[in-house]
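Listed below, chain by chain, are the residues.
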Amino acid sequence: MRPGWLDRIWPLLPVLAALAFTSVLLLLFKASPVVAFSAMLEGAFGSSERILNVIAFWIPLLLCAAGLLITFQAGLWNIGIEGQIILGSIGATWVALSLELAAPLQITLEILAAMAGGALWAGIAGWLKTRGGVHEIFGGLALNNLAIILTNYLISGPWQPPEGGSFRGTVPFGEHALLPLFDGSRFSPLALILAGTAFSIVMIALRNSTWGLKLKALGRNSRSAFLLGVSSNREAVLAMMFCGALAGLGGAVRVLSWFDSLRQSISGGIGYLALLVVMLAAYRVLWVPFVAFFFSAVLNGAIVLQLRTQLHSSLGDILTGVMVLFVLLLGDPIRLRGLRRAKDDG
Amino acid sequence: MDNGQLIAVLASILLQASPLIIAVCGETLTERAGIVNLSLDGTMLLSAMTGFVAAHLTDNLMLGFAAGAAVGAFFALIVAFSSIQLKQSQVATGFVLTLLGDSLSAFLGQEYTRLPGPSVPHFAIPILKDIPILGPIIFNQDGLVYFAILLIFATSWWLFRSRPGLELRSAGERPEAAFARGVNVRRLRYLYTVIGGALVGIAGAAYSLDVKIGWSEGHTRGLGWIALAIVIFGGWSPVRGAIGALLFGATKAAATVLQRAFPEVSVVAFNALPWLLMIGVLLLVSNKIVGRLLVNAPPALKRPLQRMLQVAPPAALGTELKNE
């Protein structure tokens, strides 16, 4: 059948479809798509400061997407990742506000507390699934909302700044409690090293480890995995907690480098975005960093777009969402052809 | 609280629960046919926005509801197409549409926030409204409430008492067997996903045109997920689902009363309530925890209690039809 050009341009179709769809939306609002997209492009890559912002936003996104590769492999829908990021931020903030240590020790403890916070929240969702029979989507979603409510409680209650009144965040942390930043930007090289390490661990775990195989068995068919001696409950909770720890680390990066304090909506929707990243990468490990980087550029560009044209920055979310939707709808041409052939034969 | 106040509270619970009841009936139809439309939260946001804007621009209430229904039906059609035609994961498509509906509603509705618009008028039903107690609670409402109540009984009758309803359930329970007996499973699944989606769309518009009049970003955020959880709590039955929606409304009303009575308790405790309730209720109906708690209970207590609480999803929910 027709090999060649169709297969080659196929991966581009979702991108084109998403650009076309958002162009129509822009025209509806009497804005020029060319102006808007060049504003987004400039917003993402227009200056070295902006490029550093894209990288800084990319780091927690990559951490979350790496964690999700593990839960997806185990066949779990970890929608609760959003709350796991928030609990990570809360854990890091708790250490930052209550201890005064030398920078290396302080930051290590903050990161450990953040990972523990994320793993705890993920562990609850895993426990609810395996012991309580509550699907991880519903448990995770409820826990996301509880995490948001907990943040609002903390920043308007016990962790309220002394001048009071504001509902926006805690006091900014001292220099020793924050990740060292590159040249006054929001980008922390240390965070990049941590994210790179985490991603490599995930890659090795998925490709060359018994754990990866167990997770795969669990994801494909949990009953036969159980019969083969994989303790499915234990593996599922572990996979969740591993992902939660990485998400928590992402939360620490958010409070300790992107911001300098715990804020409302601290996660910035990165958890949901990471789910889209992994879906757009079609669960292929090596694609994840690139897709995540692309998403980070789109969202940072959309913020500049809003500043410049007063158009709502949700345009960036629409662009990424439509892209993933079209990937789902267009699918793999080879797989689709297979389906069609099976139908013709049958 | 005197009787008059109590009746007013009960009437307001019924009104507040009406959109949820409509959404729960719609999603119950869809899931009974074997498809999970997970996009409810995004669908309701987008249809609340579209419904309000359409009614605001045309000054026609019915057009508002029609626009909401169209949005819901369209999103549902995407879910049905990708799962039935393309064999994609229903959860994946539903989740993407959840996010997309949310951001589309924020973008498209950005110029229509906090504007006045038409709202569903009050309409007391003559004679029936004079029935003591029940009259002022049920029959002194507006059209939306009557629609929700009729919908409960209509969907319940359709599902469990009619011939097409039997075919509907067979598509969700034993699709292969239904197919072998000549039921067009694919067509039924398309049909009930789209009908269910249209009802969810009407529910979204019901918020912006009646229960929570107007539009602002994130107007109904979270309520779609609540509706999805109530479908499970309701054991995929419209009547039990409606009871769940009413209980949810009653708990929220009780929280408001308690909040006024105990102002020293942080508002956080009350905000957290719906989500704690969601976890608690799903734990209760899954039978894993209750089963363990009741291990040593006498069978005379255990069996009716479990029968009352335990629910089971349609056997083929979320799976593809295989023999084609």
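Our structure is the block above this text.
This section reports on the structure supplied with the text. Predicted, not measured: the structure shown is a model, and the values here were computed from it.

Scoring rules and cut-offs
Numbering of residues starts from 1 in every chain and runs along the sequence as written. Key to labels: chains lettered from A, ligands numbered from 1, both in the order written. The predicted nature of this model means local features are confined to residues of pLDDT at least 70 and side-chain atom pairs, given and counted, to a pLDDT of 80 or more, with totals for whole chains, interfaces and linings taken over all residues. No hydrogens and no water enter the side-chain calculation; it runs on all heavy atoms of the structure. Strands are runs of DSSP state E lasting at least 2 residues, helices are runs of H or I lasting at least 4, and numbering of each runs from the N terminus. Each radius of gyration is computed over the set of C-alpha atoms, and the globule rule expresses the reference value as 2.2 Å times the number of residues to the power 0.38. For every residue, the accessible area obtained with a 1.4 Å probe (protein chains only) is divided by the maximum for its type, and the residue is called buried under 20%, exposed over 50%, and partly exposed between those limits. Should any heavy atoms of two residues lie within 4.5 Å, those residues are considered in contact. Accessible surface is estimated by sampling points in the Shrake-Rupley manner with a 1.4 Å probe; for residues, cover comes only from the protein chains shown. When charges are counted, Lys and Arg are positive and Asp and Glu negative, with His and the chain ends excluded. Think of each charge as sitting on NZ of Lys, CZ of Arg, CG of Asp or CD of Glu. Candidates for patches are residues over 30% relative accessible area with no salt bridge; among them, like charges are joined within 9 Å and nonpolar side chains (Val, Leu, Ile, Met, Phe, Trp, Tyr) within 5 Å. Salt bridge, as used here, is a side-chain nitrogen of Lys or Arg placed within 4 Å of a carboxyl oxygen of Asp or Glu. Summed over both partners, the accessible area lost on bringing two parts together, with a 1.4 Å probe, is the buried area. Here a polar contact is taken to be a pair of N or O atoms separated by no more than 3.5 Å, where protein atoms must pair a possible hydrogen donor with a possible acceptor and residues adjacent in sequence count only if both atoms sit in side chains. Gly is placed with the polar residues, together with every amino acid not listed as nonpolar (Ala, Val, Leu, Ile, Met, Phe, Trp, Tyr, Cys and Pro) or charged (Asp, Glu, Lys and Arg). Centres within 6.5 Å make a pair out of two Phe, Tyr or Trp rings, where for Trp the six-membered ring is used; the pair is then stacked when the planes are under 30 degrees apart, edge-to-face when over 60, and tilted otherwise. When the NZ atom of lysine or the CZ atom of arginine is within 6 Å of a ring's centre and also within 35 degrees of its normal, the charge is said to sit over that ring.

On to the overall build of chain B, then. The number of helices and strands found in chain B is 14 helices and two strands. Taken over the C-alpha trace, chain B has a radius of gyration of 20 Å; the compact-globule value for 324 residues is 20 Å, and the two agree within 12%. With respect to the principal axes defined by its C-alpha atoms, chain B has extents near 60 × 55 × 45 Å. Per-residue burial for chain B yields a buried fraction of 54% across its 324 residues. Considering only contacts in chain B between residues 6 or more positions apart, those separated by 24 or more positions represent 77%. For chain B, the accessible area works out to roughly 14,100 Å², and carbon and sulfur atoms hold 67% of it. If you average the places of the 23 positive and of the 17 negative side-chain charges in chain B, the two averages end up 13 Å apart.

To continue, consider a nonpolar patch on the surface. Residues and elements named next belong to chain A. Together, Leu99, Leu105, Leu109 and Leu112 give the surface a local cluster of nonpolar side chains, amounting to about 320 Å² of exposed area. Mapped onto the elements of the fold, leucine 99 is located in the loop between α5 (81-98) and α6 (103-130). Classification of leucine 99 by relative accessible area gives partly exposed; the value is 32%.

All names here are of chain A. Within the fold, serine 267 resides in the loop between α11 (232-258) and α12 (270-280). Its relative accessible area of 4% is what places serine 267 among the buried residues. Excluding residues that lie within four positions of it along the chain, serine 267 makes contacts with Glu82, Ile85, Ile86 and Arg254.

We now examine the interface of chain A and chain B. Many structure descriptions define interface size as the accessible area lost when the parts assemble. Listed as interface residues are 44 residues of chain A and, on the opposing side, 43 residues of chain B. For the pair chain A and chain B, the summed buried area comes to about 3,800 Å², and 81% of that belongs to carbon and sulfur atoms. The tally of links between chain A and chain B comes to zero salt bridges. Where chain A meets chain B, there are six residue pairs in polar contact (both at pLDDT 80 or more). Of the residues forming the side of chain A that touches chain B, the biggest block, 11 residues, is contributed by helix α14 (residues 314-330) of chain A. Class assignment of the residues belonging to the side of chain A that touches chain B gives a composition of 31 nonpolar, nine polar and four charged.

Let us now look at the pattern of salt bridges. Enumeration according to the criterion identifies nine salt bridges over all chains in this entry. One salt bridge in this structure joins arginine 50 of chain A and glutamate 42 of chain A, with 3.8 Å as the shortest N-O distance. Given a relative accessible area of 39%, glutamate 42 of chain A falls into the partly exposed group. Salt-bridge contacts for lysine 129 of chain B lead to aspartate 130 of chain B; the nearest nitrogen and oxygen are separated by 3.4 Å. Classification of lysine 129 of chain B as partly exposed rests on a relative accessible area of 34%. A relative accessible area of 54% places aspartate 130 of chain B in the exposed class.

To continue, consider the packing of aromatic side chains. One pass over the full model with this rule turns up 12 aromatic pairs over all chains. Their ring planes at 55 degrees and their centres at 6.1 Å tell us that phenylalanine 294 of chain A and phenylalanine 295 of chain A sit as a pair that is tilted. The partly exposed category is assigned to phenylalanine 294 of chain A, whose relative accessible area is 34%. The class of phenylalanine 295 of chain A is buried, set by a relative accessible area of 0%. The rings of Phe72, Trp77, Tyr272 and Tyr283 of chain A together with Phe95 of chain B are connected pair by pair, giving a single aromatic cluster. Directly above the ring of tryptophan 258 of chain A sits arginine 186 of chain A, whose terminal nitrogen or CZ lies 4.1 Å from the centroid.

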